[in-house]
Amino acid sequence: MKNFLKTNLVKIICSYALMFSVVAANSRCMCIYHDLDKPEALKKLKKK
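The paragraphs below set out a description of the structure included in this document.

Reading the values: rules and limits
- Residues numbered from 1 in each chain as written.
- Predicted model: local features only at pLDDT ≥ 70, side-chain atom pairs only at ≥ 80, totals over all residues.
- Heavy atoms only, no water.
- Helix = DSSP H or I, 4+ residues; strand = E, 2+ residues; numbered from the N terminus.
- Buried < 20%, exposed > 50% of the residue type's maximum accessible area, 1.4 Å probe, protein only.
- Areas by Shrake-Rupley, 256 points an atom, 1.4 Å probe, with all protein chains shown as cover.
- Phe/Tyr/Trp six-rings, centres within 6.5 Å; stacked < 30°, edge-to-face > 60°.

## Thoughts on the overall build of the protein
Working step 1: When helices and strands are tallied, the protein shows two helices and zero strands.
Working step 2: Across the 48 residues in the protein, those meeting the buried criterion constitute 4%.
Working step 3: Total accessible area on the protein stands at roughly 4,900 Å², and carbon and sulfur atoms take up 68% of it.

See below:
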């Protein structure tokens, strides 16, 4: 039971990380003059 909960928790955390990565790839910083360089792996998630 402990192992089952641990693997599901890891899957949930990974899903949230992927979701926030996609949101970050498709949005800009709120500050006009501030736009950090994004890694190439993050740019692959961007919608075209």
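## Some points on the packing of aromatic side chains
Working step 1: Tallied over the full model, the rule gives one aromatic pair.
Working step 2: Seen from their ring centres, Tyr16 and Phe20 are 6.4 Å apart, and the 25° between their planes marks the pair as stacked. Of this pair, Tyr16 and Phe20 both sit in helix α1 (residues 2-25), four residues apart, which is roughly one turn of the helix.
Working step 3: Residue classification places Tyr16 among the partly exposed positions, given a relative accessible area of 48%.
Working step 4: Its relative accessible area of 55% is what places Phe20 among the exposed residues.

Shape is all these values report; function is a separate question.
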